[in-house]
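# Structural overview for review
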Amino acid sequence: MSKAPLRIGLSARLLHTPPAELGFPGKSLQYLEQSMAHWIMSHGALVLMVPTIGQHLGLRRAQISVHDYVKALDGLVLQGGADVSPTTYRQDPLRPEWTGDRIRDLYEIELLWEFVIQGKPVLGVCRGAQLINVACGGTLWQDISEYVPGAGAHRDADLYDKHHHDIDFVAGSHLGALYSGTPAGRVNSIHHQAVRDLGSDLRIEAYSRGDNVVEAIRWLGNGYLFGCQWHPEFHGGGGDLLDGSPILQDFLNAAERARGD
């Protein structure tokens, strides 16, 4: 009898004030961009978006808890989206537009550590990688172009995921081992923030070529926490971009091992 597919939780993007044309006045939306779900599903796993849990929504933790959700899942993917709030890493926003989403930060950090506690893997993409760093006590550059001397362009609003640059793997890293035979790759770049001070027990596994902005991090603790700054779910259709499959398969293999324990 074949084994049941892995059940992968996907953290929700939050839209606290939807545009009027969407028709949800006074409501909050929780959503995902379909590429991430389809990327995971294309590797044979089920995807279930995990909603926030809070008393302001009429839910008591005695009724349903983060622990219950995590127990029902095999792994977690933290997807991209709004900035991490500087207040989450004990700083003030340097501009009003960099205030970020503190509500989402707290929701995702609680999810992240509950997965770690239950021995299940976490993969962070773009904002998700930054969230991992902050959850481990690190900080972020609030804007690469303004505050990182000599930095290249890491975001182009018009090109979006068609904006690309090269990265270099750190020698001896697990990420580098996944792409044995090549010390580098080409990725999309959609972010304006990045890792500044590295969090506790984290190791850098890739840098952007030319400016050494951190592009990938991995936790050295007893568990699986990995974050990449690019969006591997957008690397479809061939071309010269780094194949995202080894990253996802490595994560799913960790989820399979955790389920088998």
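As named in an unreviewed UniProt entry, the protein chain is Gamma-glutamyl-gamma-aminobutyrate hydrolase family protein, taken from Aromatoleum petrolei.

## Digging into unusual backbone geometry
Backbone geometry places Cys 126, a non-glycine residue, at a positive phi of 55°. Within the secondary structure layout, Cys 126 lies in the loop between strand S6 (122-125) and helix H4 (127-135). Judged by relative accessible area, Cys 126 falls into the buried class, the value being 9%. Of note, Asn 212 is a non-glycine position whose phi angle comes to about 60°, a positive value. Overall, the relative accessible area of 56% leaves Asn 212 in the exposed class.

## Focus: the nonpolar core
With 31 residues, the main nonpolar core has Leu 78, Leu 111, Leu 112, Phe 115, Val 122, Ile 132 and Leu 225 as its most contacted residues. Among the elements of the structure, helix H2 (66-71), strand S5 (75-78), helix H3 (102-117), H4, strand S11 (202-208) and strand S12 (214-219) are those that each provide at least two residues to this core. The element best represented in this core is H3, accounting for 6 residues. Core analysis: the second largest hydrophobic core is formed by 29 residues, Leu 123, Val 187, Tyr 224 and Leu 248 among them.

## Focus on H4
Of all 9 residues in H4, 9 are buried; the element is thus mostly enclosed. Where H4 is concerned, the buried positions are Arg 127, Gly 128, Ala 129, Gln 130, Leu 131, Ile 132, Asn 133, Val 134 and Ala 135. Directly beyond the C-terminal end of H4, a positive phi value near 95° is found at Gly 137.

## What about the sheet that holds S12?
Sheets are built from strands paired through backbone hydrogen bonds, the pairs being either parallel or antiparallel. Taken together, the 9 strands give an open sheet; going across it, the order is S4-S1-S5-S6-S13-S12-S11-S8-S9, and neighbouring strands pair in mixed fashion. Taken across any chain shown, the strands that pair with only one partner, and hence form the sheet edges, are strand S4 (46-50) and strand S9 (184-188). If you compare each strand with its neighbour and ignore which way they point, the axes differ by 25° on average. Bridge count for S6 against strand S13 (residues 225-228) is 4 bridges, and the pairing is parallel. The residue bridging Val 122 from the neighbouring strand is Leu 225, located in S13. In the packing of helix H7 (residues 245-260) onto the sheet, the strands contacted are strand S1 (7-11), S5, S6, S12 and S13, and the crossing angle to S6 comes to about 155°.

The rules behind each value
- Residues numbered from 1 in each chain as written.
- Predicted model: local features only at pLDDT ≥ 70, side-chain atom pairs only at ≥ 80, totals over all residues.
- Heavy atoms only, no water.
- Helix = DSSP H or I, 4+ residues; strand = E, 2+ residues; numbered from the N terminus.
- Buried < 20%, exposed > 50% of the residue type's maximum accessible area, 1.4 Å probe, protein only.
- Core = buried A, V, L, I, M, F, W, Y, C linked by side-chain atoms within 4.5 Å.
- Pairing = 2+ DSSP bridges.
- Axes fitted to C-alpha atoms, helices over the stretch in contact; angles between N-to-C directions.
- Contact = heavy atoms within 4.5 Å.

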